[in-house]
Amino acid sequence: LKNIVTRFHHTSTSHCCSCSKTISDEKYQDPFQLGRKDLKNLYEDIKKELLVSAAELKEMCDYYFDGKGKAFRPMIVVLMARACNIHHNNSKEVQASQRSVAIIAEMIHTASLVHDDVIDDANSRRGKRTLNQIWGERKAVLAGDFILSAASVALARIGNTTIISVLTQVIEDLVRGEFLQLGSKENENERFAHYLEKTFKKTASLIANSCKAVSILGCPDPKVHEIAYQYGKNVGIAFQLIDDVLDFTSCADHLGKPTAADLKLGLATGPVLFACRQFPEMNAMIMRRFSKPGDVERAWKYVLQSDGVQQTTYLAQRYCHAATREIRKLRPSPAREALVHLTEMVLTRDK
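Residues numbered from 1 in each chain as written. Predicted model: local features only at pLDDT ≥ 70, side-chain atom pairs only at ≥ 80, totals over all residues. Heavy atoms only, no water.

Digging into the packing of aromatic side chains
Here is step 1 of the chain: As enumerated under the stated definition, the model contains eight aromatic pairs in all.
Here is step 2 of the chain: Centre to centre, the rings of Tyr 63 and Trp 135 are 5.7 Å apart; their planes meet at 90 degrees, and the pair counts as edge-to-face. Residue Tyr 63 is found in the loop between helix 4 (55–62) and helix 5 (72–89), and its partner Trp 135 is found in helix 7 (residues 131–135); the two are separated by 72 residues along the sequence. There is no split in this pair, since Tyr 63 and Trp 135 are both buried.
Here is step 3 of the chain: An aromatic cluster of three or more residues is present, and its members are Tyr 63, Tyr 64 and Trp 135.
Here is step 4 of the chain: Over the face of the ring belonging to Phe 239 we find Arg 73, whose NZ or CZ atom lies 5.3 Å from the ring centre.
Here is step 5 of the chain: Between Arg 349 and the ring centre of Phe 239, over which it is positioned, the NZ or CZ distance is 3.8 Å. (Phe/Tyr/Trp six-rings, centres within 6.5 Å; stacked < 30°, edge-to-face > 60°. Helix = DSSP H or I, 4+ residues; strand = E, 2+ residues; numbered from the N terminus. Buried < 20%, exposed > 50% of the residue type's maximum accessible area, 1.4 Å probe, protein only. Lys NZ or Arg CZ within 6 Å of the ring centre and 35° of its normal.)

Next up, the structure:
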C-alpha cells in the first residue's frame, strides 16, 4: 500500500488524462448485453432465498431487490465465470454453482448497504428512502442480518469448503473495513494507505473474492484464480475511487444519495487526501473529522480548488489498467473483452 501511495502521491497533475482515452478504441462486447442471459430472473431467485412468513420482514428484505439496480457485481461474476470456463476447456456455459456465487455476492452487498445506512444514519439510497428511515434502525439491522444469513445458507448449499472459505473472507473484510473507517491516521502517507486498505475491505474484497470463487469452480489452475482475484480487486478499488469522486462532482438526484455525504460523515476520501497536499490547513479538519461548523463547506471548496478530483480519477485509471493487464492473461473470448470494456465503464460512469 505504501508503494502505491508513494508512486501515485507524487504524480503531477499534467499526467492526468481523459477517462475516455484510458483504453484504446477497440470493438468491445457490451458487458450488460453479454451477462443478461445468466442474470435473467436474478432478483426473483434472490427473493426465493429470502422466503419468510412474516409479512413485514419479507417487505423489508425485498425492498432493494426490486430489479431496478444495475446488478453490477453479479454481472462481473458471471462474466468472469464465462471467461475462466472458456480459458480452461472452451466451455461457454455458466455453471449453476457459479451463478449461485453471483446471487450470494449481491445478497452480501445489499446486506452491507442496509447495515451501512444504519451506521451512517443515511436517509436515501438508490433514489429512495432507506430501510432505517422507514422501519427504524433496529428492524433494519435485523433485516440486514437476515439477508446475510440467507446468503450463508445459499453458500453452504454449493457444498464446496474452499468456496465457503473464500466468500466468508468477504464478510470478515466488511467488518474490518467498517472499523478502519471509524479511525484515522495523522501521518499523511499512513493516512492514504489506511484509506486504500479500507477501500479494499469495504468494496473491493467482495468483487475480488467472488471472481476468485467462480474461477475455482470453473478451472483448477491457481494462476487463473489469482488473475480473477487481481482483476476483481483492481476494478473494485477503482469503482470506489470513482464513487468518491462523484461525491464531489455529481448532483444528488443523479447519484441517488446526497452529495458531500462523506464529508458530512467525517470521512476523508481520495479527493480530500490529494487536496490536502495543496491546502495543508485541511489536516486539522481531517483529524477532527470535519466536525466544526463550516468545516464541510471549507473542505468542499478546497477540494474543488485543488487537483484532488483529477488525481483520484487518475489513480482509478491506473487500477483499471492493472485490471486490464490481468484479464488479458486469459484466452481471448467475448467475456474477456466484456471485462476489459467494463473497466472503461467504471471510469466513465456518472452515478
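Let us keep going from here.
Some words on the environment of Ile 242
Here is step 1 of the chain: When you line up the elements, Ile 242 lands in helix 11 (residues 222–249).
Here is step 2 of the chain: Judged by relative accessible area, Ile 242 falls into the buried class, the value being 3%.
Here is step 3 of the chain: Taking the C-alpha atoms as reference, Ile 242 lies 6.4 Å from Thr 313; in sequence the two are 71 residues apart.
Here is step 4 of the chain: Once residues lying within four places of it in the same chain are set aside, the contact partners of Ile 242 are Thr 313, Ala 316, Val 346, Leu 347 and Arg 349. (Contact = heavy atoms within 4.5 Å.)

Side note on empty space enclosed by the protein
Here is step 1 of the chain: One pass over the full model with this rule turns up one cavity of 30 Å³ or more.
Here is step 2 of the chain: Of the volumes computed, that of the largest cavity is approximately 180 Å³.
Here is step 3 of the chain: In terms of lining residues, the largest cavity is bounded by 16 residues, among which Gly 183, Ser 184, His 194, Leu 267 and Ala 268 are the most central.
Here is step 4 of the chain: Secondary-structure elements contributing two or more residues to the lining of the largest cavity are helix 9 (161–182) and helix 10 (188–218).
Here is step 5 of the chain: The leading source of residues in the lining of the largest cavity is helix 10, at four residues.
Here is step 6 of the chain: Considering only residue class, the lining of the largest cavity consists of six nonpolar, six polar and four charged. (1 Å grid on protein atoms, 1.4 Å probe; cavity = no way out; pocket = protein on both sides within 12 Å on 5 of 7 lines; lining within 4 Å. Points joined across faces, edges and corners; volume = space filled by probe spheres on them. Nonpolar A, V, L, I, M, F, W, Y, C, P; charged D, E, K, R; others polar.)

A word on the packing of helix 10 against helix 11
Here is step 1 of the chain: Packing of helix 10 against helix 11 leaves a shortest axis separation of 7 Å and a crossing angle of 145 degrees. Between helix 10 and helix 11 lies a crossing whose hand is right-handed. Between helix 10 and helix 11, the residues in contact are Tyr 195, Thr 199, Phe 200, Thr 203, Ala 204, Ile 207, Ala 208, Asn 209, Cys 211, Lys 212, Ser 215 and Ile 216 and Val 224, His 225, Ala 228, Tyr 229, Gly 232, Lys 233, Gly 236, Ile 237, Gln 240, Leu 241 and Asp 244, respectively.
Here is step 2 of the chain: When grouped by side-chain class, the residues that make up the contact of helix 10 with helix 11 number 12 nonpolar, eight polar and three charged. (Axes fitted to C-alpha atoms, helices over the stretch in contact; angles between N-to-C directions. Left-handed = near helix turned anticlockwise from the far one by under 90°.)

Things to note about the confidence of the model for the protein
Here is step 1 of the chain: For the protein, the average pLDDT comes to 88, and 89% of its residues sit at 70 or higher.
Here is step 2 of the chain: Taking the mean pLDDT of every element in the protein, the minimum, 45, falls on helix 1 (residues 2–9) and the maximum, 98, on helix 17 (residues 308–327). (pLDDT = per-residue confidence, 0-100.)

A short note on the packing of helix 5 against helix 10
Here is step 1 of the chain: One way to put it is that helix 5 packs onto helix 10 with a least axis distance of 8 Å and a crossing angle of 30 degrees. Taken together, the axes of helix 5 and helix 10 lie roughly parallel to each other. Of the two possible hands of crossing, helix 5 and helix 10 adopt the one that is right-handed. Contacts between helix 5 and helix 10 involve Phe 72, Arg 73, Ile 76, Val 77, Met 80, Ala 81, Cys 84, Asn 85 and His 88 from the former and Leu 206, Ile 207, Ser 210, Cys 211, Val 214, Ser 215 and Gly 218 from the latter. (Parallel < 35°, antiparallel > 145°, perpendicular 65-115°, else oblique.)

Here we look at unusual backbone geometry
Glycine aside, negative phi is the norm for most residues, and most peptide bonds take the trans geometry.
Here is step 1 of the chain: At Asn 90, a position not held by glycine, the phi torsion is positive, near 60 degrees.
Here is step 2 of the chain: The residue Asn 90 is located in the loop between helix 5 and helix 6 (96–120) in this model.
Here is step 3 of the chain: Judged by relative accessible area, which is 41%, Asn 90 ranks as partly exposed.
Here is step 4 of the chain: Notably, Asp 121 is not glycine yet its phi reads approximately 55 degrees, a positive angle.
Here is step 5 of the chain: Mapped onto the elements of the fold, Asp 121 is located in the loop between helix 6 and strand 1 (124–125).

Focus: the pattern of salt bridges
Here is step 1 of the chain: Counting across every chain of the model gives 19 salt bridges.
Here is step 2 of the chain: Linking Arg 349 and Asp 243 is a salt bridge whose minimum nitrogen-to-oxygen distance equals 3.2 Å. Taken as a pair, Arg 349 in the segment after helix 18 (334–348) and Asp 243 in helix 11 lie far apart in primary sequence, 106 residues in all. The pair formed by Arg 349 and Asp 243 is uniform in burial state, with each residue classed as buried.
Here is step 3 of the chain: As a salt-bridge pair, Glu 337 and Arg 328 come within 3.4 Å of each other at their nearest N and O atoms.
Here is step 4 of the chain: Look at the salt bridges and you will find they share partners, linking Asp 45, Lys 48 and Arg 99 into a network. (Salt bridge = Lys/Arg side-chain N within 4 Å of Asp/Glu carboxyl O.)

Considering a nonpolar patch on the surface
Here is step 1 of the chain: A grouping of Val 175, Phe 179 and Leu 182 is seen on the molecular surface, where their side chains present a nonpolar patch of about 340 Å² in accessible area.
Here is step 2 of the chain: Following the sequence through the fold, Leu 182 ends up in helix 9.
Here is step 3 of the chain: Here Leu 182 falls in the exposed class, since its relative accessible area comes to 56%. (Patch = residues over 30% accessible without salt bridge, like charges linked within 9 Å, V, L, I, M, F, W, Y side chains within 5 Å. Areas by Shrake-Rupley, 256 points an atom, 1.4 Å probe, with all protein chains shown as cover.)

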